[in-house]
Amino acid sequence: MEWETVIGLEIHAQLTTRSKIFSGASTAFGAEPNTQACLVDLGFPGVLPVLNEQAVRKAVLFGTAIEAEIARRSVFARKNYFYPDLPKGYQISQYELPIVGRGHVEILLEGGAVKRIGVTRAHLEEDAGKSLHEDFHGYTGIDLNRAGTPLLEIVSEPDLRSAKEAVAYAKKIHQIVTYLGICDGNMQEGSFRMDANVSVRPRGEEKLGTRTELKNLNSFRFLERAINFEVERQIDLLESGSAVVQETRLYDAQKDETRSMRTKEEANDYRYFPDPDLLPLVVDDAFIEETVRDMPELPEARRRRFEEQYGLSPYDADVLTASRAAADYYEGVVAVAGDAKLAANWMMVELYGALNKAGLELSESPLSAEALGGLVLRIADDTISGKIAKSVFEEMWASGRSADAIIEEKGLKQITDSGAIEAIVDEVLAENAAQVENYRNADPKKQPKMLGFFVGQVMKKSQGKANPKQVNELLRKKLAG
Amino acid sequence: MSALHQKSLRELAAGLAAREFSSVELAEHFLQRIRAFDHDLNCLITVCDKEALRQAGLADERIQKGEGGPLTGIPLIHKDIFCTRGVKTSCGSFMLDNFVSPYDATVVERLAGAGMVMLGKANMDEFAMGSSNETSHYGPVKNPWDTERVPGGSSGGSAAAVAARLAPAATGTDTGGSIRQPAALCGITGLKPTYGRVSRWGMIAFASSLDQAGPMARSAEDCALLLAAMAGFDEKDSTSANRPVDDYAAALEASVKGVRIGMVKEFFEEGLDAGMAAAMDEAMAALKKLGAELVEVSLPHSKYSVPAYYVVAPAECSSNLARFDGVRFGHRCKEPKDLEDLYKRSRSEGFGAEVKRRIMIGTYALSAGYYDAYYLKAQQVRQVIADDFREAFRRVDLLLGPASPETAFRLGEKSSDPVAMYLSDIYTIAVNLAGLPALSMPAPLVEGLPAGLQLIGNYFEEGRLLNVAHQLQRTTDWHLQTPGGYA
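Note that this is a predicted model, so its numbers are computed, not measured.

Peer 1: Whenever I open this one, the overall build of chain A confuses me. Can you help?
Peer 2: Within chain A one finds 15 helices and 15 strands. Over its C-alpha trace chain A gives a radius of gyration of 30 Å, far above what one expects of a compact globule, namely 23 Å for 481 residues. For chain A, the C-alpha atoms occupy an extent of roughly 95 × 55 × 55 Å along the three principal directions. The buried share of chain A, taken over its 481 residues, is 38%. Counted over contacts in chain A with a minimum sequence separation of 6, partners at least 24 positions apart contribute 69%.

Peer 1: Which parts of the structure should I look at to understand the overall build of chain B?
Peer 2: Helix and strand counts for chain B come out as 16 helices and eleven strands. Relative to a compact globule of 487 residues, whose C-alpha radius of gyration would be 23 Å, chain B shows 21 Å and is just as compact. Projected onto its principal axes, the C-alpha coordinates of chain B cover approximately 65 × 50 × 45 Å. By sequence separation, contacts in chain B at least 24 residues apart represent 76% of the contacts at least 6 residues apart.

Peer 1: Honestly, helix α1 (residues 9-17) of chain B in this entry has me stumped. Any pointers?
Peer 2: Residues spaced three or four apart along an α-helix point in a common direction, a consequence of the helix completing one turn every 3.6 residues. All names here are of chain B. Within α1, the full set of buried residues consists of L9, L12, A13 and L16. Looking down the long axis of α1, one finds its buried residues gathered within 100° of arc, a one-sided arrangement. Here the buried face of α1 lies against α2 (23-41), α3 (49-64), β4 (169-173), β6 (213-217) and α7 (220-230). Remark: R19 follows α1 within two positions and exhibits a positive phi of approximately 60°.

Peer 1: Help me out: how do you make sense of the environment of V381 of chain B in this one?
Peer 2: All names here are of chain B. Examined against the element boundaries, V381 turns out to sit in helix α13 (residues 372-395). For the pair formed by V381 and Y309, sequence separation is 72 residues and the distance between their alpha carbons is 9.4 Å. Leaving out residues up to four positions away in the same chain, V381 has contacts with Y304 and A308.

Peer 1: Any chance you could explain the environment of G92 of chain B here in plain terms?
Peer 2: Residues and elements named next belong to chain B. Here G92 lies in the loop between β2 (75-79) and α4 (106-113). For G92 and S132, which are 40 residues apart along the polypeptide, the C-alpha to C-alpha distance reads 13 Å. With residues up to four places along the chain from it excluded, the contact list for G92 reads D80, N123, M124, D125, E126, F127, S136, H137 and Y138.

Peer 1: What is the right way to read the interface of chain B and chain A from this model?
Peer 2: A common way to state how big an interface is: give the accessible area lost once the parts meet. The partner chain A presents 25 residues to the 33 residues of chain B that form the contact. Among the elements of the structure, α10 (305-320), α11 (339-350) and α12 (353-366) of chain B are those that each provide at least two residues to the side of chain B that touches chain A. Tallying contributions element by element places α10 of chain B first for the side of chain B that touches chain A, with three residues.

Peer 1: I would appreciate a short explanation of the pairing of strand β11 (residues 449-457) of chain B in the present structure.
Peer 2: Within a regular strand, the side chains alternate between the two sheet faces. All names here are of chain B. Taking burial as the measure, the nine residues of β11 include nine buried ones, the bulk of the element. Where strand β9 (residues 398-402) meets β11, five bridges bridge the pair, whose relative direction is antiparallel. Each residue of the ladder has a partner; that of P402, found in β11, is L453.

Peer 1: Even after reading the chapter, I still don't get unusual backbone geometry, so can you show me in this structure?
Peer 2: Excluding glycine, residues mostly have negative phi values, and the peptide bonds linking residues are mostly trans. Residues and elements named next belong to chain B. Residue S154 is reached from G153 by a cis peptide bond, and omega for that bond is 10°. Unlike most non-glycine residues, E335 shows phi in positive territory, near 45°. In this structure, E335 sits in the loop between α10 and α11. When the 8 C-beta atoms within 10 Å are taken as the criterion, E335 is described as exposed.

Peer 1: Sorry if this is basic, but what is going on with the nonpolar core here?
Peer 2: When a protein is soluble and globular, its nonpolar side chains tend to lie buried together. Grouped together as the largest cluster of nonpolar side chains are 229 residues, with contacts concentrated most on F62 and A196 of chain A together with L119 and A161 of chain B. If you tally residues by element for this core, the top one is helix α2 (residues 163-180) of chain A, at ten residues. Not counting chain neighbours up to four residues away, the residues in contact with A161 of chain B comprise C43, L44, I77, A122, L166, A167 and A170 of chain B. By size, the runner-up hydrophobic cluster in this structure holds 32 residues, among which are Y329, L351, L372 and I388 of chain A.

Peer 1: Looking at this structure, I do not really get the environment of G156 of chain B. What am I missing?
Peer 2: All names here are of chain B. Tracing the chain through its elements places G156 in helix α5 (residues 156-163). Judged by the 38 C-beta atoms lying within 10 Å of it, G156 is buried. G156 sits 32 residues away from M124 along the chain, and the two C-alpha atoms are 5.7 Å apart. When residues no more than four places from it in sequence are discounted, the contact partners of G156 are N123, M124, D125, N133, V141, V150, P151 and P182.

Peer 1: Is there a simple way to think about helix α14 (residues 447-461) of chain A in this case?
Peer 2: Residues and elements named next belong to chain A. With 15 residues, α14 should reach 21 Å at 1.5 Å per residue; the first-to-last C-alpha distance of 22 Å fits that figure. Among all positions of α14, only F454, Q457 and V458 are buried. If you follow the buried residues of α14, they end up packed against α12 (418-431) and α15 (468-479).

Peer 1: Help me understand the packing of helix α9 (residues 369-380) of chain A against helix α10 (residues 386-399) of chain A in this model?
Peer 2: When two helices pack together, you describe them by how their axes are tilted relative to each other and by the distance separating the axes. Residues and elements named next belong to chain A. It is at 10 Å that the axes of α9 and α10 come closest, and there the two elements cross at 160°. If you check the angle between α9 and α10, you find them roughly antiparallel. Handedness of the crossing formed by α9 with α10: right-handed. Contacts between α9 and α10 involve A371, L375, R378 and I379 from the first element and G386, A389, V392, F393 and M396 from the second. Along the lines of polarity and charge, the residues of the contact of α9 with α10 split into seven nonpolar, one polar and one charged.

Peer 1: Sorry if this is basic, but what is going on with the pairing of β4 of chain B here?
Peer 2: Residue and element names in this part refer to chain B. Summarising burial for β4: five of the five residues are buried, a large majority. The alternating pattern of β4 places A169, T171 and T173 on one face and A170 and G172 on the opposite face, and all of these are buried. Examined bridge by bridge, β4 and β6 share five bridges and lie antiparallel to one another. Bridge pairing in β6 places A169 opposite A217.

What counts as what
- Residues numbered from 1 in each chain as written.
- Chains lettered and ligands numbered in written order.
- Predicted model: local features only at pLDDT ≥ 70, side-chain atom pairs only at ≥ 80, totals over all residues.
- Helix = DSSP H or I, 4+ residues; strand = E, 2+ residues; numbered from the N terminus.
- Rg over C-alpha atoms; globule rule 2.2 N^0.38 Å.
- Buried ≥ 20, exposed ≤ 12 C-beta atoms within 10 Å, placed from the backbone.
- Contact = placed C-beta atoms within 7 Å.
- Arc of directions from axis to C-beta.
- Pairing = 2+ DSSP bridges.
- Core = buried A, V, L, I, M, F, W, Y, C linked by C-beta atoms within 7 Å.
- Expected span 1.5 Å × (residues − 1).
- Axes fitted to C-alpha atoms, helices over the stretch in contact; angles between N-to-C directions.
- Parallel < 35°, antiparallel > 145°, perpendicular 65-115°, else oblique.
- Left-handed = near helix turned anticlockwise from the far one by under 90°.
- Nonpolar A, V, L, I, M, F, W, Y, C, P; charged D, E, K, R; others polar.

Okay, here's the thing in structure tokens:
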């Protein structure tokens with residue numbers, strides 16, 4: 001039988017507010033355990049939540065970016081369950097009435113087709129703390145620094161048909177939230193977390209199969225592998241005559257498998273009801289307008305602008321707008337270098353090549369955009385040749401010094417004085433009389449190829465510093481006799 | 001000159017200003033009365049002798065510098081539901097017997113800021129769940145009018161303390177009648193303000209959409225002075241009302257002539273004690289004499305208020321009390337085997353029977369499959385009840401009725417019958433469901449026991465409520481009656 005995979009994703013994006021969603025405590029990552037949890041976060045008797053307006057603005061930005069309806073009135077509810085890292089015994093979340101309604105994003109499929117993926121809703125909620133099971137000698141440690149950190153939970157429609165599509169969608173959402181600056185996108189720190197609802201059904205069947213929910217997918221790679229494993233597991237079950245059990249499954253990256261966490265029967269009854277401590281959240285047109293007025297440029301718009309403004313190819317524009325960090329970096333290079341195409345080449349070939357080799361992210365690059373711009377500028381204004389520039393780049397990468405300082409110190413400045421170049425050219429021609437003779441007698445069609453020998457000799461004599469363009473012109477003229 | 005403990009707040013402020021007595025002397029006087037009487041009455045869970053005298057000393061300095069206000073140097077008792085920094089805040093529960101709050105409730109902070117001196121923390125029904133003060137972990141409070149009888153609840157310790165003149169004023173909270181019913185049973189004046197008028201920050205939540213703090217004292221005038229200091233917007237409470245506080249003291253003096261008062265028909269039907277009905281008649285006659293117009297009005301859906309309340313309040317409490325899990329504060333069972341054991345035993349040992357009953361009712365009402373039939377329906381009923389009031393306030397300025405169907409009942413009389421106990425709040429609950437302000441003030445005694453007259457106002461019309469009550473108290477002496485042995 002042929003099977004069709006159906007996937008929906010729930011993505012939790014931690015919002016980049018300075019303070020928590022319902023208290024004034026800091027949200028900074030990495031502090032000593034329980035030093036960033038105030039009485040509200042600790043759920044002390046008598047404390048009350050007050051909504052952080054910045055979290056609402058970030059949700060509005062996201063909703064606008066995916067062309068969703070922003071609910072003028074949304075409601076915070078309590079999701080009740082007991083767990084030690086959930087101080088109040090309930091999580092404040094939005095349930096029936098979320099702030100962001102139906103929207104959509106577009107993903108690029110292999111082969112170039114564009115597919116529209118529905119976003120069912122996105123709602124605001126608070127994060128729980130962390131339970132630490134190691135190093136406590138049979139006890140569980142609790143760190144409530146994360147408790148109350150604002151999250152935007154983004155729920156997709158079951159529109160995804162493969163692990164690859166799921167990854168493309170997740171990357172698209174990641175791109176949008178980081179472009180908007182509402183989430184730092186850091187997956188290692190848990191700022192961007194994904195759960196996948198996965199089911200299979202016979203191709204052509206309308207009815208959805210029984211789904212499982214996969215948790216703990218903290219990288220795009222794990223997302224893809226977990227879904228692939230789960231799809232295979234479900235198909236095996238169905239083909240062997242068994243049934244899929246509706247349950248939550250945990251992905252184990254080390255073993256590359258999913259295993260059961262809890263079944264539907266063991267699931268909590270969350271007893272949702274509107275939180276009486278918070279009034280319904282009302283946003284009016286003025287609030288929305290004010291919020292989206294300074295909305296950062298979105299990836300699509302930026303890509304188009306890169307093509308038009310900088311004359312980049314669609315491919316280059318796509319690569320350079322893959323993340324907001326890349327696009328910002330590129331524009332930083334152009335601002336200094338001036339030559340947009342040259343800047344694109346240097347960033348994509350030299351910089352990305354070096355980063356790749358070193359296993360570094362762009363954010364960890366030893367070269368700032370200004371530094372790389374300074375190097376590209378010296379190629380653009382003919383101070384150095386592209387070939388010399390490569391060695392300067394290596395020197396910059398290793399020492400962190402500026403291009404100009406290296407060029408100055410090592411005397412790498414290109415020779416553009418035509419008199420000086422002519423002297424070297426004459427020298428080379430005199431030393432290679434036989435080759436000159438050959439060249440002049442050769443078929444004119446073969447001459448351009450033979451010219452390379454002389455160029456090489458001149459460059460060698462000038463230690464690479466002669467301007468190649470001038471060398472070429474002069475040689476052609478002189479060899480023509 | 002009357003004894004210090006019989007003086008009104010205005011008289012006390014005047015005496016302090018004129019240096020007839022100091023705040024320290026005042027505090028000592030009331031602490032002395034607490035030592036003398038509270039062994040029998042059990043009004044207080046915690047007495048703060050040292051801290052009270054320290055605060056009184058500071059108040060005296062303020063008064064000497066001429067920086068005192070109308071409440072500076074005057075002692076009071078806080079219901080033990082309000083968090084008080086550095087002082088045990090038990091909420092009447094074994095669960096919080098070991099809990100010392102690290103912060104002050106806004107109500108506590110504001111009254112302290114006004115210069116009031118905290119004598120101690122008042123006994124109460126556990127987590128404010130009860131109408132007789134018998135659910136307290138610290139034992140029942142006795143009614144000073146008859147120590148065989150209950151003081152009402154849940155603010156029973158506050159009401160009994162004020163009635164016995166152990167303090168000139170106290171704070172209370174009212175979720176379904178917890179200020180008005182004990183005020184009625186103890187013969188004092190207690191006001192539940194409009195929902196949102198007084199901040200809930202630091203007030204341990206029972207049912208968040210119904211809870212409201214208010215003053216309890218011997219007269220409407222005293223309540224007006226206290227409310228002025230307690231009320232106002234608080235950015236720490238999202239449900240607090242962002243609107244200016246009226247000048248309640250100034251409002252007291254207006255004439256009652258022509259004020260239209262609606263007698264709530266349903267509050268005078270079967271179930272109302274005959275003696276109570278007679279006391280109400282006498283109070284209404286006095287209001288008429290002042291020039292008020294009395295008309296009959298109907299709140300046709302008020303009979304649904306008790307059932308609606310006993311869905312909404314337990315539902316909210318089941319969630320509000322989830323934080324008492326033995327993990328971060330409060331009672332933790334000894335040597336838990338695992339997490340589930342920790343939860344089960346800490347909560348089983350920490351909570352009393354009535355609290356457990358309500359947590360279970362509320363958990364049930366919110367469960368999948370029952371939510372629509374119970375919680376949602378109760379919220380709809382709530383709206384219908386609020387509409388009844390809206391309709392009534394088109395015709396009248398105030399509503400009137402008894403605060404309780406009968407005078408103080410005997411200790412133990414209703415403790416084995418929860419429904420009978422719940423029905424003692426039958427006249428007070430609708431007001432909480434609608435979020436309206438209401439007060440209870442003494443009517444003539446019924447067979448030697450206090451009877452409470454309830455006045456209900458429109459939203460944020462605390463000023464008018466206090467005005468009518470004050471005018472009535474100017475011409476009657478029901479509020480001045482003191483239980484025997486406490487004069």
